[in-house]
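# Understanding the architecture of this molecule
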Amino acid sequence: MTAQTSTINAETIARVAKEAFEASQLTSSSERVDALHAIRSELESRREAIMSANKEDLQAAQAEVDAGHMSKSLLARLDLSRGDKWNSMLQGVIDVAALPDPTGTVTYATKLDDELELYK
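Note that the structure is predicted; figures quoted are calculated from it, not measured.

### Focus on helix H5 (residues 85-98)
Over its 14 residues, H5 extends 20 Å from the first C-alpha to the last, a length consistent with the 20 Å expected when each residue adds 1.5 Å. Every buried residue belonging to H5 is among Trp86, Leu90, Val93 and Ala97, and all of these are buried. Taken down its axis, H5 places every buried residue within 50° of arc, on the same side. Structurally, H5 contributes buried residues whose contacts are with helix H2 (29-45) and helix H3 (47-66).

The following block contains the structure:
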């Protein structure tokens, strides 16, 4: 993969993520919760295929470790079959679904300049 390809992919990913975020602001809280539960269910139903793809990714990553381009600790974090990583990932999706809806909530505000305020 070239640097240019990586940049194009990163830009595309960033653009799509921004579009998805903006679209998510138009959905209700219950729709977002339903979507997260659907994501969790879909992950679970495709576990075998995901674990198989993860095994291939780990083999490719091991080559990167052997070549000195990736750390062993990063390789270990990629392994979905280690310990309870898979179940923790699924639980994380449910945990996010259980969080209060932050839409419209201001957690931080500051005045940067005359007529320029920053809200988070």
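### Some words on a nonpolar patch on the surface
Together, Tyr108, Leu112, Leu116 and Leu118 line one region of the surface with nonpolar side chains, adding up to about 390 Å² of accessible area. Within the secondary structure layout, Leu116 lies in strand E2 (residues 116-119).

### A word on the pattern of salt bridges
Summed over all chains, the structure comprises 3 salt bridges. With a shortest N-O distance of 3.7 Å, Glu22 and Lys18 are connected by a salt bridge. Placement of the pair is Glu22 and Lys18 together in helix H1 (residues 3-24), with a separation of 4 residues, close to one helical turn. Residue class for Lys18 comes out exposed when judged on its relative accessible area of 53%.

### Here we look at the pairing of strand E1 (residues 109-113)
When E1 meets E2, the two strands line up antiparallel, connected through 4 bridges. When the sheet's bridge partners are listed, Thr110 is paired in E2 with Leu118. Linking E1 back to E2 in an antiparallel pair, the connection comprises 2 residues, with Glu115 at a positive phi of about 60°.

Rules behind the numbers
- Residues numbered from 1 in each chain as written.
- Predicted model: local features only at pLDDT ≥ 70, side-chain atom pairs only at ≥ 80, totals over all residues.
- Heavy atoms only, no water.
- Helix = DSSP H or I, 4+ residues; strand = E, 2+ residues; numbered from the N terminus.
- Expected span 1.5 Å × (residues − 1).
- Buried < 20%, exposed > 50% of the residue type's maximum accessible area, 1.4 Å probe, protein only.
- Arc of directions from axis to C-beta.
- Contact = heavy atoms within 4.5 Å.
- Patch = residues over 30% accessible without salt bridge, like charges linked within 9 Å, V, L, I, M, F, W, Y side chains within 5 Å.
- Areas by Shrake-Rupley, 256 points an atom, 1.4 Å probe, with all protein chains shown as cover.
- Salt bridge = Lys/Arg side-chain N within 4 Å of Asp/Glu carboxyl O.
- Pairing = 2+ DSSP bridges.

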